[in-house]
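Breakdown of the fold
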There are 2 protein chains.
Amino acid sequence: MTRGGLARAVAVDRSSPVPLYFQLAQALEAAIASGAIPARTRLDNEVALAGELGVSRPTLRRALEELAHKGLIVRRRGQGTHVVPTRVRRSLTTISLHDDLVRAGQRPATRVLSLDVVPAPDVVADRLGLVARAPVLRIERLRLAGGSPVAKLLNYLPDGLVEPDVARLETESLYQLYRAAGVVLHAAWQAVGARSATAEEARLLLEEPGAALLTVTRQTYDDRGRVVEYASHLYAASRYTVELGLLNG
Amino acid sequence: MTRGGLARAVAVDRSSPVPLYFQLAQALEAAIASGAIPARTRLDNEVALAGELGVSRPTLRRALEELAHKGLIVRRRGQGTHVVPTRVRRSLTTISLHDDLVRAGQRPATRVLSLDVVPAPDVVADRLGLVARAPVLRIERLRLAGGSPVAKLLNYLPDGLVEPDVARLETESLYQLYRAAGVVLHAAWQAVGARSATAEEARLLLEEPGAALLTVTRQTYDDRGRVVEYASHLYAASRYTVELGLLNG
DNA sequence: CAGTGGTCTAGACCACACC
DNA sequence: GTGTGGTCTAGACCACTGT
């Protein structure tokens, strides 16, 4: 994008409360995605580009850093900034947790199997940072896609964090409930493994006993660093895989 | 850390080629990890802190942004910057791919099962962005830990990217070879699933036929956006799980 | 209200890549 | 050399949070 035509495709609104660098990043990402800025294009240098777009260089740089972090562009000293040629680029932008079921065609549904306040088992109390047998909210759900069960979800939450509500649990994700309760999720640690299904699990997930299941164990933290969830999930591996984007591997 | 004593714990070397913000971030991270800056501490405000440390506010901010991104601190407008109280914090800093075997006690070893240049199978050519049946390097390895096999690793690489060398493959990781060849890995996409072991796989991994295996399929990109690897790995799930740190989930 | 982090600017110098 | 992105500065104004 050398001829300055970029300034028309990427217009910013200085009266908007949305930060300039964010507007720029989004506009540039859209322009790249739509092909308005073709792959392998070399962008103008930062000083010139900032001039064309009517922002300062640091502001432009912050936008470019975002795109570089997402893998959409590559910047190299002495050489310039290029739009990455890769075809399969979509998966890289975000790290998907597990709600990928919302994708193409799948009609996700949730059935609440149980919803109780119980004394925390030792391992749960330890992971949540609570004293032994402290009351915790235990949520057991069955996730269905296209009418058939794909996962059994077991979550433990500190008591009082969100309102237990079967109806909402069956229509919204747990993360939507967190957000509604003002909890800002920030980071998580998770381990992925596999094991064979027990008879009971096989029955729930409509698999053969002994079929391979994907296990995901996770701790989620909020922006204060408190553990807000301990989860132990079980996926029917024949119909489900976890997709992950990794950066700076 | 209010009393300015921080300036002694966090000293920067302005003659070093290492960027100031990076020195700051590392020093602060070390101070937090060691307890020199205790959990829940409220840091001085940014202007004051920058003054104490002898850097400008943007430079300090860049360091703090790094720490915030890693989940070590929390910054809130009107309220200040606090050190996060979480206990289990180590896993969050980086996203581990699969070489976690190097951890505590495990003596990792690798046996090269095969190493050939072959015409690319269709799926591989597609994933690597090559024409059908283009020559690719096919590497089949068995990973052992503590003397017993834990994973069968199958990798396809564009021909000519690295030198095929059995000896080095058995002592170093594939990623070390990439680095040595000047390839800068940048991003990856991977899918994690599970399935039951075939008789042949069970024999290799010393598992029962039908045992649950963890499958990892991955594409790795370099900093130019080229696909430099297509991998299909198989883990003995009874002895291995994949750990992942997730940010901004 | 006062204090905090969030954003933005204009300019400077440096390290590296290619000619 | 010349041109590029990488780093750093000093200062300004704003939006939000608590009192």
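Predicted model, so just to flag it, every value in this text is computed and none were measured.

Brief notes about the overall build of chain A
The number of helices and strands found in chain A is eight helices and nine strands. Of all 249 residues assigned to chain A, the portion counted as buried reaches 48%. Of the contacts made within chain A by residues no fewer than 6 positions apart, 58% connect residues no fewer than 24 positions apart.

Observations regarding helix α2 (residues 20–34) of chain A
Residue and element names in this part refer to chain A. With 15 residues, α2 extends 21 Å between its outermost C-alpha atoms, agreeing within 8% with the 21 Å of an ideal straight helix rising 1.5 Å per residue. Residues Leu20, Gln23, Leu24, Ala25, Ala27, Leu28, Ala31 and Ile32 constitute the buried set of α2. Positioned one or two residues after α2, Gly35 has a phi angle of 90 degrees, which is positive.

A look at the pairing of strand β7 (residues 212–222) of chain A
All names here are of chain A. The buried fraction of β7 is high, at 10 of 11 residues. Pairing between β7 and strand β8 (residues 227–236): nine bridges, direction antiparallel. Looking at β8, one finds that Thr217 is bridged to Ser232.

Section: the nonpolar core
Core analysis: the largest hydrophobic core is formed by 25 residues, its most contacted members being Leu214(A), Tyr235(A), Val192(B), Leu214(B) and Tyr235(B). Going through the elements one at a time, β5 (148–158), β6 (185–196) and β7 of chain A together with β5 (148–158), β6 (185–196) and β7 (212–222) of chain B are the ones with two or more residues in this core.

Some details on the protein's contact with DNA strand C
As a structural note, the neighbourhood of DNA strand C is formed by 24 residues, with Arg14(A), Leu20(A), Ser56(A), Thr59(A) and Arg57(B) the closest of them. Near-protein atoms of DNA strand C (within 4 Å) split between backbone and bases, with sugar and phosphate holding 69%. At 2.4 Å from a phosphate oxygen of DNA strand C is found a main-chain nitrogen or oxygen belonging to Leu20(A). Residue Arg62(A) places a side-chain N or O atom 3.3 Å away from a phosphate oxygen belonging to DNA strand C. Among the secondary structure elements, those contributing two or more residues to the surface near DNA strand C are α2 and α4 (57–70) of chain A together with α4 (57–70), β1 (73–76) and β2 (80–83) of chain B. For the surface near DNA strand C, the element with the highest residue contribution is α4(A), accounting for four residues.

Concerning the protein's contact with DNA strand D
Near DNA strand D you find 24 residues, and of these Arg57(A), Arg14(B), Leu20(B), Ser56(B) and Thr59(B) are the closest. In the interface set of DNA strand D, defined as its atoms within 4 Å of the protein, sugar plus phosphate atoms amount to 67%. Here a phosphate oxygen of DNA strand D and a side-chain polar atom of Arg62(B) are 3.3 Å apart. Measuring from a phosphate oxygen of DNA strand D, one finds a side-chain N or O atom of Gln79(B) at 3.4 Å. Sorting the residues of the surface near DNA strand D by element identifies α4, β1 (73–76) and β2 (80–83) of chain A together with α2 (20–34) and α4 of chain B as the ones contributing at least two each. Top element by residues in the surface near DNA strand D is α4(B). It accounts for four residues. Here the surface near DNA strand D is built from residues that sort into five nonpolar, eight polar and 11 charged.

Quick word on the packing of α2(B) against α4(B)
Residues and elements named next belong to chain B. At a closest axis distance of 8 Å, the pairing of α2 and α4 adopts a crossing angle of 45 degrees. Taken together, α2 and α4 sit at an angle that is classed as oblique. Crossing of α2 against α4: the hand is right-handed. Between α2, through Leu20, Tyr21, Phe22, Leu24, Ala25, Leu28, Glu29 and Ile32, and α4, the contact on the second element is made entirely by Thr59, Leu60, Arg62, Ala63, Leu64, Glu66, Leu67 and Lys70.

Side note on the pairing of β8(A)
All names here are of chain A. For β8, a buried count of nine out of 10 residues is recorded, marking the element as mostly surrounded by other parts of the structure. Relative to β8, β5 is paired through six bridges, and the arrangement is antiparallel. Bridge assignment links Leu154 to a residue of β8, and that residue is Ser232.

The rules behind these values
Residues numbered from 1 in each chain as written. Chains lettered and ligands numbered in written order. Predicted model: local features only at pLDDT ≥ 70, side-chain atom pairs only at ≥ 80, totals over all residues. Heavy atoms only, no water. Helix = DSSP H or I, 4+ residues; strand = E, 2+ residues; numbered from the N terminus. Buried < 20%, exposed > 50% of the residue type's maximum accessible area, 1.4 Å probe, protein only. Contact = heavy atoms within 4.5 Å. Expected span 1.5 Å × (residues − 1). Pairing = 2+ DSSP bridges. Core = buried A, V, L, I, M, F, W, Y, C linked by side-chain atoms within 4.5 Å. Near = heavy atom within 4 Å. Polar contact = N/O pair within 3.5 Å; in protein donor to acceptor, adjacent residues only side chain to side chain. Nonpolar A, V, L, I, M, F, W, Y, C, P; charged D, E, K, R; others polar. Axes fitted to C-alpha atoms, helices over the stretch in contact; angles between N-to-C directions. Parallel < 35°, antiparallel > 145°, perpendicular 65-115°, else oblique. Left-handed = near helix turned anticlockwise from the far one by under 90°.

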